[in-house]
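Chain and residue survey
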Amino acid sequence: MSTQTTTGLAAVRQEIERACREAARNPATVTLVAVSKTFDAAAIEPVIAAGQRAFGENRVQEAAAKWPALLARTPGIELHMIGPLQSNKAKEAVALFHAIHSVDRPSLCEALAKEIEKQGRRPLLFVEINTGAEAQKAGVLPQDADAFLARCREAYGLPIGGLMCIPPADEAPAPHFALTAKIAARNGLKLLSMGMSADFAIAIAMGATHIRVGSAIFGTRT
Ligand SMILES: *Cc1c(COP(=O)(O)O)cnc(C)c1O
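My aim in this report is to walk through the structure given alongside it, one point at a time.

Here is what the cut-offs are and how they apply
- Residues numbered from 1 in each chain as written.
- Predicted model: local features only at pLDDT ≥ 70, side-chain atom pairs only at ≥ 80, totals over all residues.
- Heavy atoms only, no water.
- Salt bridge = Lys/Arg side-chain N within 4 Å of Asp/Glu carboxyl O.
- Helix = DSSP H or I, 4+ residues; strand = E, 2+ residues; numbered from the N terminus.
- Buried < 20%, exposed > 50% of the residue type's maximum accessible area, 1.4 Å probe, protein only.
- Phe/Tyr/Trp six-rings, centres within 6.5 Å; stacked < 30°, edge-to-face > 60°.
- Polar contact = N/O pair within 3.5 Å; in protein donor to acceptor, adjacent residues only side chain to side chain.
- Contact = heavy atoms within 4.5 Å.
- Axes fitted to C-alpha atoms, helices over the stretch in contact; angles between N-to-C directions.
- Left-handed = near helix turned anticlockwise from the far one by under 90°.
- Nonpolar A, V, L, I, M, F, W, Y, C, P; charged D, E, K, R; others polar.
- Pairing = 2+ DSSP bridges.
- Right-handed = clockwise from strand over helix to strand, strands pointing away.
- Near = heavy atom within 4 Å.
- Areas by Shrake-Rupley, 256 points an atom, 1.4 Å probe, with all protein chains shown as cover.

Points about the pattern of salt bridges
Inspection of the entire model under this criterion finds nine salt bridges. K118 is the salt-bridge partner of E115, the closest N and O atoms lying 3.9 Å from each other. Here E115 pairs with K118, and both are found in helix 5 (residues 106–119), just three residues apart, close to one helical turn. Among the residues examined, E115 registers a relative accessible area of 7% and is labelled buried. A salt bridge links K137 to E134, with the shortest nitrogen-to-oxygen separation between them at 2.8 Å. Classification of E134 by relative accessible area gives buried; the value is 15%. Residues participating in the shared-partner salt-bridge network are E15, R18 and E22.

In structure tokens:
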């Protein structure tokens, strides 16, 4: 496991460097979020030992069970919430995560704003865009994005740092990345959370600042 994860991490780092070179971008402008969902501390530890500091989880409960001990051991780790977030988990999420990539509805904005105020913590926030308008997927529809972002600011005083998208599994990702980048640009947002194991090089070419990579580092999830 240890060998597999560190080999995967090294390969992903190399691919990031290559994609950045091709896109004439500084690799320091791309944050690799290592998605450790379903993997236990024993699988995560070698990746931390190899210098990785940003990790992604998609369930509050799972993250709350395994990360506090790991965080206590290594300073400087950032935890990113990348999965759908229920409003009743906002308190726990604000307490645990340094970034939340899945802001997508007013009730969640309200709950997050309340907890940010109460706890005095300021997680980096991304609004998720459902670029493929998929019924089963979370996220704000592209045509509703500008109004939603204005509402985040005006009604809830939420500082949004950027946008996130998960392209439909059966489509070429590039148009979805381009649409997300376009919505971000016209709303003055600098950060783009896009790209996973299969397509992060394309996402980097299209301006991703945060790539969320799981299986290419940790192996196949069971
Ligand atoms: C699981 C997950 C990822 C990582 O997917 P891989 O294909 O394993 O890299 C990225 N983003 C989100 C939102 C996820 O849930």
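So, the packing of aromatic side chains
In this description, an aromatic ring pair is defined by two values, namely the gap between the centres and the angle between the planes. This structure, assessed with the given rule, holds two aromatic pairs. With centroids separated by 5.2 Å and ring planes inclined at 25 degrees, the aromatic side chains of F39 and F218 adopt a geometry described as stacked. Taken together, the positions of F39 in the loop between strand 1 (31–35) and helix 2 (41–49) and F218 in helix 9 (residues 215–218) put the pair 179 residues apart, joining distant regions of the chain. We classify F39 as buried; its relative accessible area is 10%. Taking the centre distance of 5.0 Å and the plane angle of 45 degrees together, the rings of F55 and W67 count as tilted. With F55 in strand 2 (residues 54–57) and W67 in helix 3 (residues 60–73), this pair connects stretches of sequence that are 12 residues apart.

With respect to the side chain of N187
Note that N187 resides in the loop between helix 7 (174–186) and strand 7 (191–193). Of the polar contacts made by the side chain of N187, one reaches the backbone oxygen of I183; its length is 2.9 Å. In contact with N187, not counting residues within four places along its chain, are D146 and L149.

Thoughts on the packing of helix 5 against helix 6 (residues 145–156)
Contact geometry of helix 5 with helix 6 gives a least axis separation of 11 Å together with a crossing angle of 35 degrees. Handedness of the helix 5/helix 6 crossing: right-handed. Residue-level inspection shows P106, C109, E110 and A113 of helix 5 in contact with helix 6, the latter providing F148, R151, C152 and Y156. Here the residues of the contact of helix 5 with helix 6 sort into six nonpolar, no polar and two charged.

Overview of the environment of A93
For A93, the position within the fold is in helix 4 (residues 90–96). Relative accessible area serves as the criterion here: at 0%, A93 is assigned to the buried category. When the C-alpha positions of A93 and V140 are compared, they lie 20 Å apart, and in sequence the two are 47 residues distant. Not counting the four nearest positions on each side in its chain, A93 is found in contact with V60, L85 and I100.

Looking at the pairing of strand 1
Burial of strand 1 is extensive: four of the five residues sit out of reach of the surface. Sheet topology places strand 1 next to strand 8 (residues 210–213); four bridges connect them, and they run parallel. Of the residues in strand 8, the one forming a bridge with L32 is I211. Each parallel crossover has a hand, and the one from strand 1 via helix 2 to strand 2 is right-handed.

A word on the site of the ligand
Around the ligand sit V35, K37, I82, I166, M196, S197, R212, V213, G214, S215 and R221, and those are all the residues in its vicinity. One of the side-chain N or O atoms of R212 is found 2.9 Å from a nitrogen atom in the ligand. A distance of 2.8 Å is found between an oxygen atom of the ligand and a backbone nitrogen or oxygen belonging to S215. Look at the ligand: alone it shows 390 Å² of surface, and the protein chains cover 89% of it. The residue makeup of the shell around the ligand, split by class, is five nonpolar, three polar and three charged.

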